[in-house]
Every structure is written in C-alpha cells, then in structure tokens.
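Working through the structure, step by step
Next come the chains, spelled out residue by residue.
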Amino acid sequence: MKNMKFAVVGASFLLMVGCGTSQRNGALIGTGAGAGVGALIGALAGHGKGAAIGAVVGGAVGAGAGAVIGHHMDKVKSDVAQQVSNAKIDEITDANGLKAVKVTFDSGLQFDINKATLKSDAQRDLANFSNVLKKDPTLSVDIQGYTDATGGDKINLPLSNSRARAVSNYLIQMGVPSSQFKNIAGYGSQNPIVNQSIAPQNRRVEVYLYASKEMIDDANNGTLR
C-alpha cells in the first residue's frame, strides 16, 4: 500500500509539471493523465475496490469549492443517518478527490441465494433513503451489486447486476429521477465482506453518493449550500 501511495504522489507530481496541479479538494483535474490519477485515488480510497466512484470532471475545482462540497456532503451524511437507522455510512473520496458518502445497509439490502428480489425491510429502507436523493437532485448516485462466492461469474455477474438494478428501479418508483443514477453495475463475488463461500453479508448492494458536475459548478459559483 505504501508503494501505491508513493505512486499516486509521483503521478500527481508529473501531472503538476506537465498538465497543471492535482490536489485533493483543490484540484485542476482534466482529461488524460488527470483522469488516470483521479481513478487511482478513487481506488485507493477503498470504494469500488478498483471501480473509482464518479467520473473525472474537466475544469478546475478550487480549494474553496472543495471545502463547500465537503460541508455539503457532511449534511448529506447526516440526512442519510436520520432517514435510515440501520445503515453504515462512511466518508470516502471520489475520483475528483472530493468528499463523498458510501451507504451500506446493515441487513435490509441483503438477498437470498440466487435472488434479486427486494425484501420488505429493504423496500422500507429504500423508501426512506429516497427522501435524501429527492431533496438533493445535484447528488450523483452509483449502485454496485454483489453476490457470495457460490456459482461462477457466468451466474454471479448477471445476478449482481440484477440486484443493483432492483435497487435503482425501486428508488425510481419512489420518485428519484433516473438521471441521478450514473453507474449501476454488478461485480459478482468481488470484494467480499466476509471471506466465506456462503455468506449473507456478501449478497448485497452498496450505494455511493457524490458530487455531480452541477454540484461542482454550483460550488465554484458560490451557490451551493
């Protein structure tokens, strides 16, 4: 891990020399090399385990704007905690180096073996959770579905994708605009919570909330609260 961190620092230094400056909460993130550094930072943050959260947004995110987005995401985290009592809520970093939120429901979003059907507890939790998204349309949402290790990728990848889609579809039914969902994907049995072949905790969906381009623009313009 130390070597990977040094790699990020080195890549950031090269980016400063060749393309501009890249730094957390005050980044000049563009395309090309900037995108690669952003994705690597996202992977090191531990969310998506290699699938960085959010697309790298071209243009400058000033230090002041980054701080405003960070404060805004603190409020988002608080709102989720108020709406859903049995969720684990973590602060993470998106591909732009900005504060983001990962939501892992304690039990409501776990699935039966080989099933992608939402349980009644999951529907209740998602109905409450939808209030956070409807309140803040500038939030972007990624949904990642997972399975346990029974079966192979031929079964697990489409099953995990169906689980992610089940969550997004239900949130849309609850009135969340479909435009808020930027990435809905299944990752099979990757990134297990419990290192066992059969584990209910691994049959899950993870939800990530991060700044959209609109939110970043609002922060740069001083209109984000």
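Bear in mind the structure is a predicted one, so any value in this text is a computation, not a measurement. (Residues numbered from 1 in each chain as written. Predicted model: local features only at pLDDT ≥ 70, side-chain atom pairs only at ≥ 80, totals over all residues. Heavy atoms only, no water.)

**A closer look at the overall build of the protein**
- In terms of helices and strands, the protein carries six helices and five strands.
- Ordered by position from the N terminus, the helices and strands of the protein form the series α-α-α-β-β-α-β-α-β-β-α.
- For the protein, contacts bridging at least 24 residues in sequence account for 73% of all contacts bridging at least 6.
- For the protein, the accessible surface area stands at approximately 10400 Å², while carbon and sulfur atoms represent 54% of it. (Helix = DSSP H or I, 4+ residues; strand = E, 2+ residues; numbered from the N terminus. Contact = heavy atoms within 4.5 Å. Areas by Shrake-Rupley, 256 points an atom, 1.4 Å probe, with all protein chains shown as cover.)

**Considerations on the packing of aromatic side chains**
- Per the stated rule, a full pass over the model turns up one aromatic pair.
- Residues Tyr-146 and Tyr-187 carry aromatic rings whose centres are separated by 5.8 Å and whose planes lie at 25° to one another, so their mutual orientation is stacked. With Tyr-146 in the loop between β3 (139–145) and α5 (153–173) and Tyr-187 in the loop between β4 (181–186) and β5 (205–211), the pair connects residues that are 41 residues apart, well separated along the chain.
- For Tyr-187, a relative accessible area of 17% gives the class buried.
- Cation over ring: Arg-204 sits above Tyr-146, and NZ or CZ is 4.2 Å from the ring centre. (Phe/Tyr/Trp six-rings, centres within 6.5 Å; stacked < 30°, edge-to-face > 60°. Buried < 20%, exposed > 50% of the residue type's maximum accessible area, 1.4 Å probe, protein only. Lys NZ or Arg CZ within 6 Å of the ring centre and 35° of its normal.)

**Re the packing of helix α3 (residues 63–83) against helix α4 (residues 120–135)**
- Remark: α3 packs on α4, axes separated minimally by 8 Å, with the N-to-C direction vectors making an angle of 150°. One element, α3, and the other, α4, form an angle in the roughly antiparallel class. Considering only the axes of α3 and α4, their crossing is right-handed. When α3 is examined against α4, the residues Val-76, Asp-79, Val-80 and Gln-83 are found in contact with a partner set consisting of Asn-128, Phe-129, Asn-131, Val-132 and Lys-135.
- Across the contact of α3 with α4, the residue classes break down as four nonpolar, three polar and two charged. (Axes fitted to C-alpha atoms, helices over the stretch in contact; angles between N-to-C directions. Parallel < 35°, antiparallel > 145°, perpendicular 65-115°, else oblique. Left-handed = near helix turned anticlockwise from the far one by under 90°. Nonpolar A, V, L, I, M, F, W, Y, C, P; charged D, E, K, R; others polar.)

**Observations regarding the sheet that holds strand β2 (residues 99–105)**
- Strand order in the open sheet made by the five strands is β1-β2-β5-β3-β4, with mixed pairing throughout. Each edge of the open sheet carries a strand with a single partner, namely β1 (87–93) and β4. Neighbour-to-neighbour, the strand axes of this sheet turn through a mean angle of 20°, independent of strand direction.
- Looking at chain direction, β2 and β5 are connected through three bridges and run antiparallel. Within β5, the residue paired with Val-101 across the bridge is Leu-209.
- Sheet strands in contact with α3 are β1, β2, β3 and β5, and its direction is about 15° off that of β2. (Pairing = 2+ DSSP bridges.)

**Observations regarding the pairing of β1**
- When β1 meets β2, the two strands line up antiparallel, connected through seven bridges. Paired with Lys-88 across the bridge in β2 is Thr-104.
- The antiparallel hairpin formed by β1 and β2 contains five residues in its connecting segment, where Gly-97 sits at a positive phi of about 75°.

**Remarks on α4**
- Its 16 residues place the ends of α4 23 Å apart at the C-alpha level, agreeing with the 22 Å of an ideal helix rising 1.5 Å per residue.
- Residues of α4 that are buried include every one of Ala-122, Asp-125, Leu-126, Phe-129, Ser-130, Val-132 and Leu-133, and no others.
- Looking at the buried residues of α4, the elements they touch are α3, β2, β3, α5 and β5. (Expected span 1.5 Å × (residues − 1).)

**What about the confidence of the model for the protein?**
- Overall, the prediction assigns the protein a mean pLDDT of 77, with 74% of residues at 70 or greater.
- The least confident element of the protein, judged by mean pLDDT, is helix α2 (residues 33–44) at 33; the most confident is β3 at 96.
- Considering only residues more than four positions removed or in separate chains, one finds that residues 1–50, a stretch of pLDDT under 50, has 72 contacts. (pLDDT = per-residue confidence, 0-100.)

**With respect to the side chain of Ser-168**
- Mapped onto the elements, Ser-168 comes out in helix α5.
- Accessibility expressed as a relative area gives 1% for Ser-168, which makes it buried.
- Only 3.0 Å separates the side chain of Ser-168 from the backbone oxygen of Arg-165, close enough to count as a polar contact.
- Residues within four places of Ser-168 in sequence aside, it is in contact with Ile-143, Phe-181 and Ile-184. (Polar contact = N/O pair within 3.5 Å; in protein donor to acceptor, adjacent residues only side chain to side chain.)

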